[in-house]
Amino acid sequence: MKFLFKTDYEDDIKLFPHAGYMWTYGTLLVLLAVAPFVLSSYLISQLVFVAIYAIVGVALLILTGFTGQASLGHAAFLAIGAYTAAYLQKYGVPFPVYFLTAGLLTGLIGAMVGFPALRLQGIYLVIATISFAFIVEEILARWESVTHGNEGLRVKTIEMLGTTIPRDSPTFYYLCVGVLLLIILGAINLMRSPTGRAFVAIRDSETAAKSMGINVSLYKVKSFAISAAITGLAGCLYAHKLSFISPEMFTLALSIEFIMVILIGGAFSLHGAVLGAIFVVMIDPFLTFLKDDIPGAVANFSMLLGAGAAKAAEIEKSVAAVASANGLKGAIYGFIIMAFILFEPLGLYGRWLKIKLFFQLFPLYKRATFKRQKIYMKSERNR
Amino acid sequence: MSYFRAENLSLHFGGLKAVDSVSFAIEKGEILSIIGPNGAGKSSIFNLISRLYNPTTGKLYFEDRDITDDPPYDIAKLGIARTFQNIELFENASVLSNLLVGRHRHCTSSLWQEILFMPSVRRDEKMHRHKVEQVIEFLDLEPYRDRVISGLPYGVRKVVELARALCTEPKLILLDEPSSGLNVEETTDMSFWIRDMKSELGITVLMVEHDMSLVSRVSDRVIALNYGKVLAMGQPAEVQSHPDVVAAYLGT
């Protein structure tokens with residue numbers, strides 16, 4: 001087990017607590033850099049989606065994980081970013097400009113959503129953000145002069161510095177990963193400075209935050225704005241990746257996927273956003289793979305058990321019918337979310353920390369280390 | 001004029017008069033205790049001063065400035081810090097970050113500077129960290145710096161909350177039952193710290209307390225309340241032997 005011996009206040013705010021982290025993250029960076037030369041173009045395309053989902057994950061973590069304001073409206077912020085980018089691109093605005101404008105405009109709208117949200121808490125805030133998402137969806141479908149309504153908008157490839165960056169090129173992959181890394185760095189910086197601490201303070205006790213001189217309303221609005229702005233940037237990349245956007249892509253289901261990102265990844269650390277994004281993006285191809293292969297596997301297995309060929313074919317057919325049933329995917333998603341909430345509320349990153357601690361302490365790991373305690377001390381709160 | 005004044009302060013919840021035209025003044029550098037049976041309106045007065053409640057009538061003055069209509073976060077900026085009866089710490093954060101939140105009123109960096117973590121932010125962070133370290137040393141919290149609050153025992157949390165209030169570098173500190181839930185030894189420590197806060201840090205103290213031995217050990221003056229009204233005010237011994245106060249505690 002490694003003990004950090006701190007000799008300077010600098011040690012508390014360093015990006016990497018000790019040299020080991022630099023090696024780990026350095027290796028990861030190298031792996032990300034060589035990925036396009038090693039992996040298939042399909043996997044690189046999936047990695048681009050992982051990066052985009054992780055950006056939204058970071059945004060949601062800042063709002064939900066750190067400030068404690070739940071949101072089911074992030075698909076709408078993503079849509080605003082995507083449509084802003086697509087609209088400005090039509091008028092020949094260069095990529096860096098409309099990329100940043102998408103972020104800024106979405107941030108402004110996020111702040112505007114933040115204001116009415118000041119008076120709402122918990123489940124009511126969730127309902128408010130859902131209704132915001134529906135409003136945006138409706139506007140996108142009706143405001144045809146700008147959004148082309150349900151026909152959707154075609155997004156051209158990025159043109160920058162005289163070259164184009166096609167959506168399946170390694171350059172686009174580097175762009176997305178680069179944006180993700182910068183946003184993670186910004187989020188880490190934010191969380192180790194006064195604003196980040198104010199966010200966490202609001203999450204844990206608004207009353208105490210107020211009495212420490214934190215303007216709770218201002219910081220909630222700030223949190224909404226930052227979160228929305230980051231999602232807007234992701235929206236711009238998302239639009240380019242899909243090359244075609246229409247209102248039905250930004251539905252409640254997408255917002256739920258984003259919530260899944262942080263729930264499954266672990267809603268207490270930025271690592272969670274990335275781990276959760278990998279899980280959520282990869283689960284879809286994985287389920288498709290299962291859907292295609294499971295009926296055959298079950299049929300073979302029943303043959304092994306002694307069923308006749310006709311019987312096996314029948315079994316294969318019925319299993320395939322179940323596997324391709326409508327809504328099965330949604331049900332599986334639901335089960336995954338429930339399983340994580342029940343059995344691993346700290347998400348994948350929490351599980352990783354536990355495994356790490358187990359090996360660090362090896363024979364001495366106590367099972368109760370991460371046990372949640374029930375404490376009855378907050379009986380009298382003036383919210 | 002007095003350092004802090006409450007004039008005709010009232011707080012009514014419908015027909016219930018939690019605080020009923022209470023007036024008192026605190027002089028700079030004194031320790032004033034408010035005592036009274038449960039439900040006498042002591043904590044309500046604290047919530048009025050820290051502006052979590054709006055007074056029905058009455059005015060509050062701090063350093064001759066009317067603070068009756070200031071929002072709660074401005075109260076802390078003026079230099080009034082408080083602790084809570086039922087500990088309100090940031091449970092999922094470490095002791096260190098709890099204390100750093102206490103430094104919030106001294107933070108000047110803008111959002112962009114923070115996102116880029118400019119040298120000025122880094123310098124400020126170190127300065128805040130240094131101030132926090134002084135408070136940690138003052139209250140002997142060294143063993144707990146990096147511990148998360150939810151894993152700490154009650155007695156330590158109580159001290160951490162006091163530390164967080166001290167990190168704001170207050171001029172006036174409001175302590176809501178600083179000794180509740182503490183054992184005899186911890187209460188003795190608390191009484192030393194309260195005296196030291198006054199003599200070493202020059203902080204004026206207003207506290208609500210039930211433990212009479214602590215009250216008489218540390219207070220310069222005592223106010224006794226019952227049913228939202230002031231029963232007696234004066235030296236600790238005087239107030240404790242006042243017939244109305246005895247009647248309020250023991251019944252007539």
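Enquirer: Which residues make up the overall build of chain A, and what values do they have?
Expert: A tally of regular secondary structure across chain A gives 16 helices and 4 strands. At 23 Å, chain A has a C-alpha radius of gyration in line with the 21 Å of a compact globule built from 383 residues. For chain A, the spread of C-alpha atoms along the principal axes amounts to about 75 × 65 × 45 Å. Counting the 383 residues in chain A, one finds 39% classified as buried. Counted over contacts in chain A with a minimum sequence separation of 6, partners at least 24 positions apart contribute 73%.

Enquirer: Talk me through the overall build of chain B; I want residue IDs and the actual numbers.
Expert: When helices and strands are tallied, chain B shows 10 helices and 10 strands. Rg of the C-alpha trace for chain B: 19 Å, near the compact-globule value of 18 Å for 252 residues, within the 12% margin. Considering only C-alpha atoms, chain B reaches an extent of 65 × 40 × 35 Å along its principal axes. Nonlocal contacts in chain B, meaning residues at least 24 apart in sequence, comprise 66% of its contacts between residues at least 6 apart.

Enquirer: Lay out the sheet that holds strand 10 (residues 229-234) of chain B in plain terms, naming residues and giving numbers.
Expert: Residues and elements named next belong to chain B. Across the sheet, 6 strands lie side by side as 6-7-8-3-9-10; this open sheet has mixed pairing. The open sheet has two edge strands, strand 6 (80-82) and strand 10, and neither has a second partner. Put simply, the sheet's adjacent strands are angled 15 degrees from each other on average, direction ignored. Where strand 3 (residues 31-35) and strand 9 (residues 221-226) come together, 4 bridges link them in parallel fashion. What sits directly across from Ile34, in strand 9, is Ile223. Together, strand 3, strand 6, strand 7 (172-176), strand 8 (204-208) and strand 9 form the strand contacts of helix 1 (residues 42-49), whose direction differs from that of strand 7 by roughly 145 degrees.

Enquirer: Can you lay out the interface of chain A and chain B for me, pointing to particular residues and giving the numbers?
Expert: Across the contact, 32 residues belong to chain A and 38 residues belong to chain B. Counting residues per element, the side of chain A that touches chain B draws most heavily on helix 9 (residues 194-204) of chain A, which supplies 7 residues. Grouping the amino acids of the side of chain A that touches chain B by side-chain chemistry returns 12 nonpolar, 12 polar and 8 charged.

Enquirer: Describe the environment of Ala117 of chain A, listing the residues and the values that go with them.
Expert: All names here are of chain A. Position of Ala117 among the secondary structure elements: in helix 5 (residues 95-117). Measuring from C-alpha to C-alpha, the distance between Ala117 and Gly196 comes to 19 Å, with 79 residues separating the pair along the chain. In this view, Ala117 contacts Gln69, Leu125, Ala128, Lys220 and Phe224; residues no more than four positions away in its chain are not counted.

Enquirer: An account of helix 3 (residues 95-102) of chain B is needed here, citing residue identities and associated values.
Expert: Here helix 3 of chain B lies mainly inside the structure; 7 of its 8 residues are buried. Buried residues in helix 3 of chain B make contact with helix 9 of chain A together with helix 5 (119-138) and helix 6 (154-167) of chain B.

Enquirer: Any chance you could break down the packing of helix 3 (residues 41-66) of chain A against helix 8 (residues 170-191) of chain A for me, citing the residues and the numbers?
Expert: Residue and element names in this part refer to chain A. The interhelical angle for the contact between helix 3 and helix 8, taken along N-to-C directions, is 20 degrees, at an axis separation of 9 Å. The pairing of helix 3 with helix 8 is recorded here as roughly parallel in orientation. The two elements helix 3 and helix 8 cross, and the hand of that crossing is left-handed. Mapping the contact onto sequence places Ile44, Leu47, Val48, Ala51, Ile52, Ala54, Ile55, Val58, Ile62 and Phe66 in helix 3 and Pro170, Phe172, Tyr173, Cys176, Val177, Val179, Leu180, Ile183, Ile184, Ala187 and Met191 in helix 8. Looking at the contact of helix 3 with helix 8, its residues break down into 21 nonpolar, no polar and no charged.

Enquirer: Outline the environment of Leu78 of chain B, listing residues and values.
Expert: Tracing the backbone shows Leu78 of chain B in helix 2 (residues 72-78). Taking the C-alpha atoms as reference, Leu78 of chain B lies 9.3 Å from Ile67 of chain B; in sequence the two are 11 residues apart.

Enquirer: An account of the pairing of strand 1 (residues 4-13) of chain B is needed here, citing residue identities and associated values.
Expert: Residue and element names in this part refer to chain B. With 7 bridges connecting them, strand 1 and strand 2 (residues 16-26) associate as antiparallel partners. Each bridged residue has a counterpart across the sheet, and for Phe4 the counterpart in strand 2 is Ile26. Count of turn residues in the strand 1/strand 2 antiparallel hairpin: 2 residues, of which Gly14 carries a positive phi of about 60 degrees. Pairing between strand 1 and strand 4 (residues 57-62): 5 bridges, direction antiparallel. Looking at strand 4, one finds that Phe4 is bridged to Phe62.

Enquirer: Before we move on, could you go through the pairing of strand 4 of chain B and cite the residues and values that matter?
Expert: Residue and element names in this part refer to chain B. Where strand 4 lies against strand 5 (residues 65-66), 2 bridges are found, and the strand directions are antiparallel. In the strand pairing of strand 5, Tyr61 is matched with Asp66. With antiparallel pairing between neighbouring strands as the criterion, strand 4 and strand 5 make up a hairpin whose turn holds 2 residues, including Glu63 at a positive phi of roughly 50 degrees.

Enquirer: Before we move on, can you summarise the sheet that holds strand 4 of chain B with the specific residues and values?
Expert: All names here are of chain B. One open sheet accounts for 4 strands, arranged 2-1-4-5; its pairing is antiparallel. Edge positions in the open sheet fall to strand 2 and strand 5, since each of these has one partner strand only. Running over the sheet, helix 1 touches strand 1, strand 2 and strand 4 and is turned about 65 degrees from strand 2.

Enquirer: An account of the confidence of the model for chain A is needed here, citing residue identities and associated values.
Expert: Per-chain confidence: chain A averages 87 in pLDDT, with 96% of residues scoring 70 or above. The model gives residues 376-383 of chain A a pLDDT under 50, and that stretch makes 10 contacts with residues more than four places away or in other chains.

Enquirer: Residue-level account of the environment of Phe37 of chain A, with values.
Expert: Residues and elements named next belong to chain A. Locating Phe37 in the fold gives a position in helix 2 (residues 19-38). By C-beta crowding, Phe37 is classed as exposed, having 8 other C-beta atoms within 10 Å. Along the chain, Phe37 and Pro170 lie 133 residues apart, while their C-alpha atoms are 8.6 Å from each other.

Enquirer: Can you explain the confidence of the model for chain B? Please cite residues and give values.
Expert: Overall, the prediction assigns chain B a mean pLDDT of 90, with 99% of residues at 70 or greater. What the predictor reports for the complex is a pTM of 0.89 with an ipTM of 0.90.

Enquirer: So what about the packing of helix 3 of chain B against helix 5 of chain B? Which residues, and what values?
Expert: Residue and element names in this part refer to chain B. Two elements in contact, helix 3 and helix 5, have axes whose closest approach is 10 Å; the angle formed by their N-to-C orientations is 110 degrees. Classified by the angle between their axes, helix 3 and helix 5 sit roughly perpendicular to one another. Contacts from Leu96, Leu99 and Leu100 of helix 3 reach helix 5 at His128, Val132 and Val135.

Calculation rules
- For every chain, the first residue of its written sequence is number 1, and the numbers climb from 1 along that sequence.
- Naming scheme: in the order in which they are written, chains are lettered from A and ligands are numbered from 1.
- For this predicted model, a pLDDT threshold of at least 70 governs which residues receive local features, and a threshold of 80 or more governs which side-chain atom pairs are given and counted, while totals over whole chains, interfaces and linings are taken from all residues.
- Numbering of helices and strands runs from the N terminus; a helix is a DSSP stretch of H or I covering at least four residues, while a strand is a stretch of E covering at least two.
- Put simply, the radius of gyration uses C-alpha atoms, and a globule should come to 2.2 Å times the residue count raised to 0.38.
- Burial is judged by counting the other C-beta atoms within 10 Å of a residue's own C-beta: 20 or more makes it buried, 12 or fewer makes it exposed, and any count in between marks it as partly exposed, with every C-beta position built from the backbone.
- C-beta atoms are first placed from the backbone for all residues, and any pair lying within 7 Å is then listed as a contact.
- Strands were regarded as paired on the criterion that DSSP finds at least two bridges between them.
- Here, axes are lines fitted to C-alpha atoms. For helices the fit covers the stretch in contact, and angles between N-to-C directions go from 0 to 180 degrees.
- Under the scheme applied, nonpolar residues are Ala, Val, Leu, Ile, Met, Phe, Trp, Tyr, Cys and Pro; charged residues are Asp, Glu, Lys and Arg; polar residues are all the others, including Gly.
- Should an angle fall under 35 degrees it is called roughly parallel, over 145 degrees roughly antiparallel, and 65 to 115 degrees roughly perpendicular, with every other angle called oblique.
- For any helix crossing, the convention is left-handed if the near helix is rotated counterclockwise from the far helix by under a right angle, and right-handed if that rotation is clockwise.
- Known as pLDDT, the predictor's confidence for each residue is given on a scale from 0 to 100.

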